[in-house]
Amino acid sequence: MDSDRPSTDRPDHDPPQGLGDDFRRFADFVPQMMWRSDDQGRALHHNERWLQFTGRPLEEELGDGWRRGLHPDDFERHAKIVSEAFRAREPFSVEFRLRRHDGAYRWLLDTARPVTEDGRFTGYLGSCFDITDRKNAEDHAEAALVEKETLLAEIYHRVRNNLQVMVSLIGLYGRAAPEPCRGSFDALGQRVRAIALVQQHLHEAPHIASIDLRDYLHRLASGLGQLRRAGRIGVTVDGSGTSVVEPRTANALGMIVAEVVAECLDATTDAVTCSVAITIVAGFGEPVGLSIVSGHGEAAAAGRPGVPKLGPRLIAAYAAQAEIAVSGDATRAHPLELQLPEARAPGPG
């Protein structure tokens, strides 16, 4: 439909060789817009469906006349794509806007293939589909995604600020509390900081709607390792397979891992090195499972005075929120086994 240097000359209206009445009748019968060009990219024919769309007579569409209907913003891009295809004699597809008979511009998907006769390149044959509805839907979806990301960012910042206030209040009350109660306040502050860390890594996920489980846990593990007793706690992530999870599942897993880490810290003195090993099992076509083992380099202390052991109850509550099946207690003898729910199918529309 284009050449390297568009010409304003019109070809003779007599049917060129190889483009006879049979082709014209066939093209006019096809219920979609069709065109045929010569080996220089000049239009030889546009079928009836094309002419009905543009509202212009065939004589005005021949040669390079049809280009007057191209949207100005698409003119150069269209010419570049088509010229490169002509030089290479290769098929091409290009999206562009063309002015309709009522003056409205509509998006078209133009697909064309080179035509050869007796081994000689004679031009291109192409067809166009109106894809305006699809383009509009894409634009609306993109705008909705931007709006959603903006809203999520605002929510995250508000949640983070509120959690920071909570940590400060817990610290103030902890310092004013009797000595036997201070351990519980410290443990509570640690858990609120862990909640903030989980929310941070959820917010930083490249795709908030579908989160890469291995990447998310690696990032979270690194943060938890520095949150408290830095250098004396390590969280490792291993296993086979990859998986993406929904935000609610990722949130629950983050809270469970944070609680396992907190339990290990609460049960040992500051001099003890804690380790938490997470193994992902994500077989092809099978539900995703995780196995978590918590250990330490020395014998566990009896636990910090005044700190209740609420880990199992909290883990069960987090798992229930995301429909995660849970068993075990994160020891080497009985690892904490988590069975993730299957991803929800997208709803209609």
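Going by the structure above, here's the rest.
1. Section: the environment of V245
Relative to the assigned elements, V245 resides in strand β8 (residues 244-245). On a C-alpha basis, the gap between V245 and P341 in space is 9.2 Å, while along the polypeptide they are 96 residues apart.

2. Here's the deal with the packing of helix α8 (residues 247-266) against helix α9 (residues 311-321)
At a minimum axis distance of 8 Å, the contact between α8 and α9 shows a crossing angle of 170°. Accordingly, the angle class assigned to the pair α8 and α9 is roughly antiparallel. When α8 is examined against α9, the residues R248, A252, M255, I256, E259, V260 and E263 are found in contact with a partner set consisting of G311, P312, L314, I315, Y318, A319 and Q321. In terms of residue class, the contact of α8 with α9 is built from nine nonpolar, two polar and three charged.

3. A word on the nonpolar core
Counting 44 residues, the largest nonpolar core has L213, L217, I278 and L290 as the members making the most contacts within it. Broken down by secondary-structure element, the contributors of at least two residues to this core are α6 (179-203), α7 (213-227), β7 (233-240), α8, β9 (274-281), β10 (289-296), α9 and β12 (336-339). Of all the elements, α8 adds the most residues to this core, at 11 residues.

4. Structural notes on the side chain of T54
Take T54: it is sitting in helix α2 (residues 48-54). Aside from chain neighbours lying at most four places away, what touches T54 is E61, L98, R99, R100 and H101.

5. What to know about the state of the cysteines
Evaluated as defined, the whole model comprises one disulfide. There is a disulfide in this structure between C264 and C274, and the S-S distance comes to 2.5 Å. Measuring the twist about the S-S bond at about -110°, one finds the C264-C274 disulfide to be left-handed. Within this pair, whereas C264 is found in helix α8, its partner C274 is found in strand β9, the two being separated by 10 residues in sequence. Overall, C264 belongs to the buried group, its relative accessible area being 4%.

6. What about the sheet that holds strand β2 (residues 43-46)?
Strand order in the open sheet made by the five strands is β2-β1-β5-β4-β3, with antiparallel pairing throughout. With partners counted over all chains shown, the strands left at the sheet margins are β2 and β3 (92-99), one partner each. With strand direction ignored, the average angle separating the axes of adjacent strands in the sheet is 25°. Note that strand β4 (residues 105-117) and strand β5 (residues 120-130) share 10 bridges and pair antiparallel. What sits directly across from P114, in β5, is Y124. Here helix α4 (residues 75-88) sits on the sheet in contact with β1 (33-37), β3, β4 and β5, set at roughly 145° to β3.

7. Observations regarding α9
All of the buried residues in α9 are G311, I315, Y318 and A319. Seen end-on, α9 carries its buried residues on one side only, within an arc spanning 100°. In α9, those exposed residues whose orientation departs by more than 90 degrees from the buried face are R313, A320 and Q321. Residues of α9 that are buried make contact with α8, β11 (325-327) and β12.

8. Focus on the environment of L340
As for its placement among the helices and strands, L340 is situated in the segment after β12. Judged by its relative accessible area of 5%, L340 is buried. Along the backbone, L340 and L253 are 87 residues apart, and their C-alpha atoms lie at a distance of 9.3 Å. Each residue touching L340, except ones within four places of it in the same chain, is listed here: L213, V245, T249, L253, P287, V288, L290 and I324.

What counts and what doesn't
- Throughout, a residue's number is its position along its own chain's written sequence, starting from 1.
- Local features are withheld for residues below a pLDDT of 70 in this predicted model, meaning they are given only at 70 or higher, and side-chain atom pairs are given and counted only at 80 or more; totals for whole chains, interfaces and linings count all residues.
- The basis for every side-chain value is the complete set of heavy atoms in the structure, and neither hydrogens nor water enter the calculation.
- A helix here means a DSSP run of H or I that spans at least four residues, while a strand means a run of E at least two residues long, and both kinds are numbered starting from the N terminus.
- Axes here mean lines fitted to C-alpha atoms, for a helix over just the part in contact, with angles spanning 0 to 180 degrees between N-to-C directions.
- By the definition adopted for this analysis, an angle is roughly parallel if under 35 degrees, roughly antiparallel if over 145, roughly perpendicular if from 65 to 115, and oblique otherwise.
- Contacts are assigned to residue pairs that have any heavy atoms within 4.5 Å of one another.
- Residue type decides the class: Asp, Glu, Lys and Arg count as charged, Ala, Val, Leu, Ile, Met, Phe, Trp, Tyr, Cys and Pro as nonpolar, and the leftover types, Gly among them, as polar.
- As used here, the term nonpolar core means buried Ala, Val, Leu, Ile, Met, Phe, Trp, Tyr and Cys residues forming a set that is joined through side-chain atoms within 4.5 Å.
- Accessible area is worked out with a 1.4 Å probe on protein chains only. A residue is then buried under 20% of its type maximum, exposed over 50%, and partly exposed in between.
- Criterion for a disulfide: a pair of cysteine sulfur atoms at a distance within 2.5 Å.
- Pairing between strands is defined by DSSP: at least two bridges between them are needed.
- The arc refers to the directions leading from the helix axis to the C-beta atoms.

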